[in-house]
Amino acid sequence: MSSPARAPKGAVRSRRSAVDVAVVANGDAASRAVLRALASASTRSAPIRPASTRGTDRPAPAPIGSVRAIGLEPPGVEGVEFSRCDPADPALAQALRGADVAAYVAVSTDLAADLALGTRARRERSLRRAQTVVTAAAAAGVRHLVVVTSAQVYGAEADNPVPLPDDAPLRAPSDGGQVGDLMDVEQLVAVARDVHPGLRLSVVRPAALVGEGVDTVLTRHFEAPRLLTVRGAAPAWQFCHVDDLGTAVALVVATGMEGVVPVGAPGHLTHAELERLTGMRPVSLSLSSAMGTADRLHRVGMLPAPASDLTFVVFPWAVSSQRLLEAGWEPVHDNETCLGVLLGTIAGSHAVAARRLDRKDAALGAASAAVALVGTAAIVRRRRRKA
């Protein structure tokens, strides 16, 4: 029997038969949000009425049928079936059978768990899971694979346009940070387009994620006593609530949207707006001072994230959600609301350069994350001289 003709890249399906979805989940906030959105849109629960397509060129999205989570722990999301399987186990192919669409949330929103795992083990797990998901989806006959990474893969650079075009080159460093993990995932997806031509592929790239339970290097930036600024830099702060990420993924699944799909709250906040909304006092350093100190502290094990992660709070990496908006996506949270959510979720937490401090340490800490970096570097130098 001949296989069905593959739809052109970027096309959406016009059929209206229900699609059964399997989500390879890691149990964190982003995965649960995707499952909630899919379950809410499922015809087996109380479906969300899609935005009207009357009078537009948009085809009506296909209804979503069953929603299944595959992972090591039940997600605790109503209306979602659960299959226990290690996402890195080749048995995933059997667990995916019967699914029309598979979604894999590669981005992590549980920094504490990732730090406990360690850099090498985390990287190996990320790569093994991504390889297994792609291979298993093709082997199981899944028609469409949706992979959620991050807009951070574009890299944060001083010359980035705001917003970045969807097809902008991926300029993030492939170092030991979590963004390096996602660069590996993106490379696997790029290879899969040639290796598995019958598998439609989508890569959803959200802006800085916020929401209940979200813990990342970027959210911890706001746990510092003061707001770090780098002289001469002009960041563009853009956020994405995990619930809006969930509805974006649900729309990608329902419409069969292929290719790159950036997602974020429309527009961005300037650094001046960020200061006003957070009420945090700024402290300014030169780029060379901030990066050099962060690099030294990371190398001696005092900072959990590489110095390259600092660029994401210094330079712009905002994206456009135009494809989703044109397809009928309606985000609930704007950037200002997202920032308020972020500040609410980190209340009572204290961190310096993504390393969590207890309240006693924070009270004794330096006046800002930047000053703390420089001060800690001085302590390191003194200890080395005494050694």
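To keep things clear, this report deals only with the structure shown in the data block.

1. Comments concerning the overall build of the protein chain
Thought 1: Helix and strand content of the protein chain: 13 helices and 13 strands.
Thought 2: By the burial criterion, 50% of the 387 residues in the protein chain qualify as buried.
Thought 3: Long-range contacts, defined here as pairs at least 24 residues apart, represent 80% of the contacts in the protein chain between residues at least 6 apart.
Thought 4: For the protein chain, the exposed surface amounts to about 17,000 Å²; the carbon and sulfur share of it is 53%.

2. Remarks on the packing of aromatic side chains
Thought 1: The tally for this structure, following the rule as stated, stands at four aromatic pairs.
Thought 2: Ring geometry for Phe222 against Trp237: centres 5.2 Å apart, planes inclined by 65°, an arrangement best described as edge-to-face. Of this pair, Phe222 sits in the loop between helix H6 (217–221) and strand E8 (227–230) while Trp237 is found in the loop between E8 and strand E9 (239–241), placing the two residues 15 residues apart along the sequence.
Thought 3: In this structure Phe222 comes out as buried when scored by relative accessible area, which is 5%.
Thought 4: Looking at Trp237, the relative accessible area reads 4%, which means it is buried.
Thought 5: A centroid spacing of 6.0 Å and a plane angle of 20° characterise the contact between Trp237 and Phe239, whose relative ring orientation is stacked.
Thought 6: An aromatic cluster is defined as three or more aromatic residues linked by ring pairs; in this entry it consists of Phe222, Trp237 and Phe239.

3. Some points on the side chain of Thr229
Thought 1: On the secondary structure map, Thr229 appears in strand E8.
Thought 2: The residues contacting Thr229, other than those within four sequence positions of it, are His271, Glu275, Pro282, Val283, Ser284 and Leu285.

4. Thoughts on the nonpolar core
Thought 1: Grouped together as the largest cluster of nonpolar side chains are 107 residues, with contacts concentrated most on Leu96, Phe222 and Phe239.
Thought 2: Among the elements that line this core, the one with the most residues is helix H1 (residues 29–41), at nine residues.
Thought 3: Not counting the four nearest positions on each side in its chain, Phe222 is found in contact with Leu227, Trp237, Phe239, Leu274, Thr278, Met280, Leu339, Leu342, Leu343 and Ile346.

5. Details of the pattern of salt bridges
Side-chain pairs of opposite charge can arise where the charged atoms are in close proximity.
Thought 1: Across all of its chains, the model carries 10 salt bridges by this definition.
Thought 2: A salt bridge links Asp243 to Arg36; the nearest nitrogen and oxygen atoms lie 2.8 Å apart. Pair noted here: Asp243 is in helix H7 (residues 242–255) and Arg36 is in helix H1, with a separation of 207 residues, a long-range link.
Thought 3: Under the relative-accessibility criterion, Asp243 is labelled partly exposed at 31%.
Thought 4: Salt-bridge contacts for Arg220 lead to Asp215; the nearest nitrogen and oxygen are separated by 2.8 Å. Like Arg220, the residue Asp215 is buried in the burial classification.
Thought 5: Put simply, Arg122, Arg123, Asp181 and Asp184 are held in one network by salt bridges that share partners.

6. Let's talk about the sheet that holds strand E4 (residues 101–105)
Thought 1: Ordered in space as E3-E2-E1-E4-E5-E6-E10, the seven strands form an open sheet in which the pairing is parallel. Where the open sheet ends on each side, the last strands, each with one partner, are strand E3 (81–84) and strand E10 (259–263). Neighbouring strand axes in the sheet, compared pairwise and without regard to direction, differ in orientation by 20° on average.
Thought 2: Pairing of strand E5 (residues 144–148) with strand E6 (residues 200–206), which is carried by five bridges, proceeds in the parallel orientation. The residue bridging Leu145 from the neighbouring strand is Leu201, located in E6.
Thought 3: Across the sheet, H1 is in contact with strand E1 (19–24), strand E2 (64–71) and E4; its angle to E2 comes to roughly 160°.
Thought 4: On top of the sheet, helix H5 (residues 178–195) reaches E5, E6 and E10; it is set at about 155° to E6, its chief contact.

What counts and how
Residues numbered from 1 in each chain as written. Predicted model: local features only at pLDDT ≥ 70, side-chain atom pairs only at ≥ 80, totals over all residues. Heavy atoms only, no water. Helix = DSSP H or I, 4+ residues; strand = E, 2+ residues; numbered from the N terminus. Buried < 20%, exposed > 50% of the residue type's maximum accessible area, 1.4 Å probe, protein only. Contact = heavy atoms within 4.5 Å. Areas by Shrake-Rupley, 256 points an atom, 1.4 Å probe, with all protein chains shown as cover. Phe/Tyr/Trp six-rings, centres within 6.5 Å; stacked < 30°, edge-to-face > 60°. Core = buried A, V, L, I, M, F, W, Y, C linked by side-chain atoms within 4.5 Å. Salt bridge = Lys/Arg side-chain N within 4 Å of Asp/Glu carboxyl O. Pairing = 2+ DSSP bridges. Axes fitted to C-alpha atoms, helices over the stretch in contact; angles between N-to-C directions.

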